[in-house]
Amino acid sequence: MTPTTLPSHAEIIIVGGGIAGCSVAYHLAKMGRTDVLLLEQGKLTSGTTWHAAGLVGQMRPNRNMTQMSQYGIELYASLEAETGLATGWKQCGSVNVARTPERMKVLRKQVAMANSFGVECHEISPQEAGDKYSIMRTDDLQGAIWLPGDGKANPADLCVSLAKGARNRGVKIVEGIEVTGVIIENGKAVGVKTAQGEVRCEVIVNCAGQWARQFGKLAGVNVPLYSAEHFYIVTGKIPGVHPMLPVMRDPDGYIYYKEEVGGLVMGGFEPQAKPWKMDPIPSTFQFELLDEDWDQFEPLMTAALHRTPCLETAEVKMLLNGPESFTPDGNFILGEAPELRNYFVCAGFNSAGIANSGGAGRLMAEWIVGGEPGADLWDVDIRRFGSFTGNRKALAERTGETLGLHYAMRWPRQELETARPLRTSPLYDILAAKGAEFGSKNGWERASYFKPLSPSPQPSPAGGRGSEDPGSTSQVPEPAGGDRYDPLSRLRERAGVRVPRPPYTLDTPGWLPWMIEEQQATRQAVALYDQTSFSKYLLQGRDALAVLQRLCANEMDIPIGKMVYTAMLNERGGFESDLTVMRQEDMAPTGFALPPEGALPAWGGPAPAYRFMIITGSAQTVRDFDWITRHIGVAEHAVLTDVSAMYSVLSVMGPKARELLALVSPDDLSPEALKFSWTKEIDVGFARVRAARMSYVGGPGFELYVPIEMARHVYLALMEAGRPLGIRDAGYYALDALRIEQGRRAWGAELGPDETPWEAGLAFSVKLDKPANFIGKAALLNAQGLALRKKLVTLVFDTGDAFAWGGEAIMLGGQSVGEISSVGWSPLAGACVALGYVRGAGANQAHDGTPAQIELWGERVGVKLYDRWPPAKSG
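Cut-offs and rules
Residues numbered from 1 in each chain as written. Predicted model: local features only at pLDDT ≥ 70, side-chain atom pairs only at ≥ 80, totals over all residues. Heavy atoms only, no water. Phe/Tyr/Trp six-rings, centres within 6.5 Å; stacked < 30°, edge-to-face > 60°. Helix = DSSP H or I, 4+ residues; strand = E, 2+ residues; numbered from the N terminus. Buried < 20%, exposed > 50% of the residue type's maximum accessible area, 1.4 Å probe, protein only. Pairing = 2+ DSSP bridges. Axes fitted to C-alpha atoms, helices over the stretch in contact; angles between N-to-C directions. Contact = heavy atoms within 4.5 Å. Salt bridge = Lys/Arg side-chain N within 4 Å of Asp/Glu carboxyl O. Parallel < 35°, antiparallel > 145°, perpendicular 65-115°, else oblique. Left-handed = near helix turned anticlockwise from the far one by under 90°. Nonpolar A, V, L, I, M, F, W, Y, C, P; charged D, E, K, R; others polar. Core = buried A, V, L, I, M, F, W, Y, C linked by side-chain atoms within 4.5 Å. Lys, Arg positive; Asp, Glu negative; His and termini not counted. Polar contact = N/O pair within 3.5 Å; in protein donor to acceptor, adjacent residues only side chain to side chain. Expected span 1.5 Å × (residues − 1). Bend = angle between axes of the 7 residues up to and from the residue.

Undergrad: Help me understand the packing of aromatic side chains in this model?
TA: Going through the model one piece at a time under the given rule, you end up with 21 aromatic pairs. Plain terms: the ring middles of Y449 and Y733 are 5.5 Å apart, the flat faces sit at 40° to each other, and that makes the pair tilted. Here Y449 is found in strand β24 (residues 444-450), whereas its partner Y733 is found in helix α17 (residues 732-741), with 284 residues between them in sequence. Like Y449, the residue Y733 is buried in the burial classification.

Undergrad: Just to check I follow, could you spell out the sheet that holds strand β16 (residues 255-260) for this structure?
TA: Strand pairing in a sheet takes place through backbone hydrogen bonds and is either antiparallel or parallel in direction. Strand order across the open sheet formed by eight strands is β5-β6-β4-β15-β16-β17-β14-β19, with mixed pairing between neighbours. Two strands in the sheet have a free side with no partner beyond their single neighbour: β5 (122-124) and β19 (316-321). Adjacent strand axes in the sheet meet at a mean angle of 20°, parallel and antiparallel pairs treated alike. Looking at chain direction, β16 and strand β17 (residues 263-268) are connected through six bridges and run antiparallel.

Undergrad: Explain the environment of K193 to me, please; I cannot follow it from the model alone.
TA: Along the chain, K193 falls in strand β10 (residues 188-194). What makes K193 partly exposed here is its relative accessible area of 37%.

Undergrad: Quick question: what am I supposed to make of the environment of L795 here?
TA: Here L795 is to be found in strand β36 (residues 790-797). Overall, L795 belongs to the buried group, its relative accessible area being 0%. If sequence neighbours within four positions are ignored, L795 has contacts with I810, I820, C832, V833, A834, L835, G836, I854, V863, K864 and L865.

Undergrad: In this structure, what is going on with the pattern of salt bridges? I would like to understand it.
TA: Close approach of charged atoms lets side chains of opposite charge pair. Per the counting criterion, the structure on display carries 52 salt bridges. In this structure, the salt-bridge partner of D293 is K274, at a minimum N-O distance of 2.6 Å. Here D293 is found in the loop between β18 (274-275) and α7 (294-307), whereas its partner K274 is found in strand β18, with 19 residues between them in sequence. Judged by relative accessible area, which is 27%, K274 ranks as partly exposed. Between R542 and D543 there is a salt bridge, with its nearest N and O atoms 3.3 Å apart. For R542, a relative accessible area of 42% translates into the label partly exposed. Classification of D543 by relative accessible area gives buried; the value is 17%. Within this structure, E336, R341, D381, R383, E576, R623, D626 and R630 form a network of salt bridges that share partners.

Undergrad: Explain the packing of helix α2 (residues 63-83) against helix α5 (residues 155-168) here, please?
TA: For any two helices packed against each other, one specifies the inter-axial angle together with the distance between the axes. Two elements in contact, α2 and α5, have axes whose closest approach is 10 Å; the angle formed by their N-to-C orientations is 55°. Relative to α5, the element α2 is oriented oblique. In terms of crossing hand, the pair formed by α2 and α5 is left-handed. Across the interface between the two elements, L75, Y76, L79, E82 and T83 from α2 touch L158, S161, L162, K164 and G165 from α5. Grouping the constituent residues of the contact of α2 with α5 by class yields five nonpolar, three polar and two charged.

Undergrad: Is there a simple way to explain the nonpolar core in this structure?
TA: Ranked by internal contacts, the top residues of the largest apolar core, which has 49 residues, are I14, V205, L334 and M364. Counting only elements with at least two residues in this core, the list comes to β1 (12-15), α1 (19-30), β2 (36-40), α2, α5, β12 (203-206), β22 (343-347) and α8 (353-370). The contacts of V205, once residues within four sequence positions are left out, are I12, I13, I14, V15, V24, F344, M364 and I368. Residues W514, A730, L812 and V838 belong to the second largest nonpolar core, which totals 44 residues.

Undergrad: Please clarify how the sheet that holds β18 should be interpreted in this entry.
TA: The antiparallel open sheet is built from three strands, whose spatial order is β18-β13-β20. Taken across any chain shown, the strands that pair with only one partner, and hence form the sheet edges, are β18 and β20 (324-326). Packing of helix α9 (residues 392-402) onto the sheet brings it into contact with β13 (226-229), β18 and β20, and relative to β13 it is tilted by some 45°.

Undergrad: What's the story with the packing of α2 against α8 in this structure? I'm lost.
TA: The geometry of α2 relative to α8 is characterised by a closest axis approach of 7 Å and an angle of 100° between their N-to-C directions. Classified by the interaxial angle, the pair formed by α2 and α8 is roughly perpendicular. Listed contacts from α8 to M65, M68, S69, Y71, G72, L75 and Y76 of α2 are I354, A355, N356, S357, G358, G359, A360, R362 and L363. Within the contact of α2 with α8, the residues separate by chemical class into nine nonpolar, six polar and one charged.

Undergrad: Any chance you could explain the pairing of strand β15 (residues 247-250) here in plain terms?
TA: Successive side chains on a regular strand alternate, one facing one side of the sheet and the next facing the other. Alternating positions in β15 separate into two faces, V247 and R249 on one and M248 and D250 on the other, with burial throughout. Relative to β15, strand β4 (residues 94-98) runs parallel, the two being bridged by three bridges. From the neighbouring strand, S94 faces β15, where its bridge partner is V247. The pairing of β15 with β16 spans three bridges and is antiparallel. Within β16, the position partnered with M248 by the bridge is Y257. Where β15 folds back onto β16 in an antiparallel hairpin, the turn is made up of four residues, including Y254, whose phi is positive at roughly 65°.

Undergrad: I'm lost on the side chain of E518 in this one. Help?
TA: Position of E518 among the secondary structure elements: in helix α12 (residues 512-524). Of the side chains bearing the opposite charge, R728 lies closest to the buried E518, which forms no salt bridge; the N-O distance is 5.0 Å. Within the structure, the side chain of E518 is placed 2.9 Å from the backbone nitrogen of F450, a separation counted as a polar contact. Apart from the residues within four sequence positions on either side, E518 is in contact with Y449, F450, A527, Y529, R728, D729, A730, G731 and A734.

Undergrad: Explanation requested: unusual backbone geometry in the structure shown.
TA: The linkage connecting R420 with the following residue, P421, adopts the cis geometry, with an omega of -5°. With respect to the helices and strands, P421 occurs in the loop between α9 and α10 (428-433). The omega angle of the peptide bond from W869 to P870 is 0°, so this bond is cis rather than trans. Within the secondary structure layout, P870 lies in the segment after β41 (859-866). Of note in the backbone geometry, T45 takes a positive phi value of approximately 75° without being a glycine. Considering the arrangement of structural elements, one finds T45 in the loop between β2 and β3 (55-56).

Undergrad: Explain α7 to me, please; I cannot follow it from the model alone.
TA: One full turn of an α-helix is made of 3.6 residues, so residues set three or four places apart face in the same direction. Helix length check: α7 (14 residues) gives 19 Å between terminal C-alpha atoms against 20 Å at 1.5 Å per residue, within 8%. Taken as a whole, α7 carries its principal kink of about 35° at L300. Along α7, the residues that are buried comprise Q296, F297, L300, M301, A303, A304 and R307. Residues of α7 that are buried in the fold lie against β14 (231-235), β15, β16, β17, β18 and β19. Two or three places before D295, at the start of α7, stands the capping residue D293, its side-chain oxygen 3.3 Å from that residue's backbone nitrogen.

Undergrad: Looking at this structure, I do not really get the environment of L718. What am I missing?
TA: Position of L718 among the secondary structure elements: in helix α16 (residues 711-722). The class of L718 is buried, set by a relative accessible area of 0%. Separated by 68 residues in sequence, L718 and L650 place their C-alpha atoms 9.8 Å apart. Excluding residues within four positions of it along the chain, L718 makes contact with L528, L650, V652, L660, L661, V664, L704 and I727.

Undergrad: What am I meant to see in the side chain of E855 here?
TA: Structurally, the position occupied by E855 is in strand β40 (residues 848-856). Discounting chain neighbours no more than four positions away, the residues touching E855 are A112, E808, A809, M811 and R860.

By themselves, these figures tell us nothing about what the structure is for.
In structure tokens, the structure reads:
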């Protein structure tokens, strides 16, 4: 085969010859998949790899991603011995410094997390930091941390070494080949098109770097990333700078340093980035840079001159401006595309491709070979993105924000601000006018909490009715003179002036008293939660029940009108999702009558067309839809439809919830007429809605599934009728804290692909004896009777003075045994209550008030561990 001649077929085709593509090829070959063809439009490394800075750190936000980075370092350290090609790897360690007390608290939390994850990490003083990095000014530092296992590498050499390792095992790498199209048959990727001809395959892997979005578009695959201009300077030799000088990061100055040829590479992540608005990016952009922009680089240079005064006299050889791609949430993108089978993506590394590609390449290879990931990769799973995230204007604006957040102070529950609002409930303007502070989940605007009126409210210009008036845009005339009509601002005027959003903090938040009032309404009167963002599907067809029985661990052959909570597991027995499924009226075969509501079908003729509504988390719309549809057999008659945008969900929670509904509905909602976990259609005002007796926060409550066009009417009817009962709007902060207090698990926090029902304490959601087999059953049976790897417990804080946010290390017997997965304020405890997994011996011990501690910003805080909390009521 000549360099310009391609084979007619390869099992796996990788598009892109940067470090990600070469790492995937290397690991596939290492796993025995050697019929691999890597196609690069230019030369290896010619996109962004060649100008990357080459910093390699270990710590990531969670355990699995940290293990991925640790593996990458092990690989880089051994690769030269395997291939004979230098990689430039040096384990020089890294120093991260803090200028502010708040940053130092964050670094102390990182030390605790590192110890829990098995990464060596030490807190050091400013003087010790200066000893390790002698050219640094330290008089204004609060402290620092030292990670001796971190290092640096030469990106281009590392990539070429991986490529050689892949070639040595049989991988074919062809440069100078631009892939111009993807061949699709029966919903599967089966080949690629090039100027040199077509190549058929079983799997395509998009490792096209900053071209990944436009290459994905050729196959109808959304890869939401966008390039930004990214800068660093390269200096001449500087006294005191030597090859083993540690990598140094000063995140409060947004800057980093590494040694190179006796000088420094200094770059960073300026607070307001500069998107590279080149669309499409030419395929000929190879080994190229963008023009210098010293104005854009000025904030970084100013910070660097302060931190390392030696730069004032150092020779600056160049200001390098090389574009790199960034994603909407700052995490990279892995996995099989939900739009197209056998099409995988490994891209969007957010200027951390060198540090992450070694481990990401292995994870990608394992996913391709095994058919599903071998660990929980939700944070980087491509299915976390809906199709709307491919909007280029939104991507450009968001990239300007997310690049700057790499080193900026990230506060707990800090919300991204760009490209919002986008997806909104019909109640959005009303809730905003009533003081809602919104957070964003999968593009949905959701009320987090409600701010009170200012102590000195401004008079309403329209003589409005104050904070009780939800407002109406229909009564506000269009202003004259062509001024932009802003109904939201008028709504706010009519509702009164609200206090501003409290500043972000690491300590007790300013919104806590307002949230507690929402909790009190939920526990003592009635509160209304807008949960329209729930993902909702209809599964219909003759084989719909069989599909659910195979996918779900609980018994799904339930009566019409019944609602059931169930685990949906992978082959390892871990949670792919947790769902609530309600069975709706069947569609009977011709000539057969439907059974009465609440009864099982009893005819002996043709099977009915079953109909189920499936409710799952707001963030899981694409993921769960993909998981269900890929498990519907070709011969099965079952259709899944996403109806998320067709229904609002209004949750009425509290001891007066039934009393409230009785004021707006003539239907009988007594416990005898509507039992817990049952549903039925009822009248509310002028609307017809489906009421479900269900409560995520514990205690009495109803979820109302309302046609989207009727949601505003139903909300206004409930609020008007509920005034005498003390009804209150409530947000997701109260909802989340109350579900934690009641031990309700959440997917993505307590539940994920690595957690089994046995470990999560959800055995009740599994029916091993149901007639139908289900995915994950064998793994659960094998695990029965064995020691648990980890166990979910409730942590009740000893003091109400400590406020935690999640991710804190759990200390038992002086040892780190796990981390907090969720935490919130509990009105029952008068303190924070958390959920978290304990590992090791503690996972197989009973806990009924076991004394333990958590690491909170470097301080130990006492907690009690419980297997079950709150304690069951006596009698």
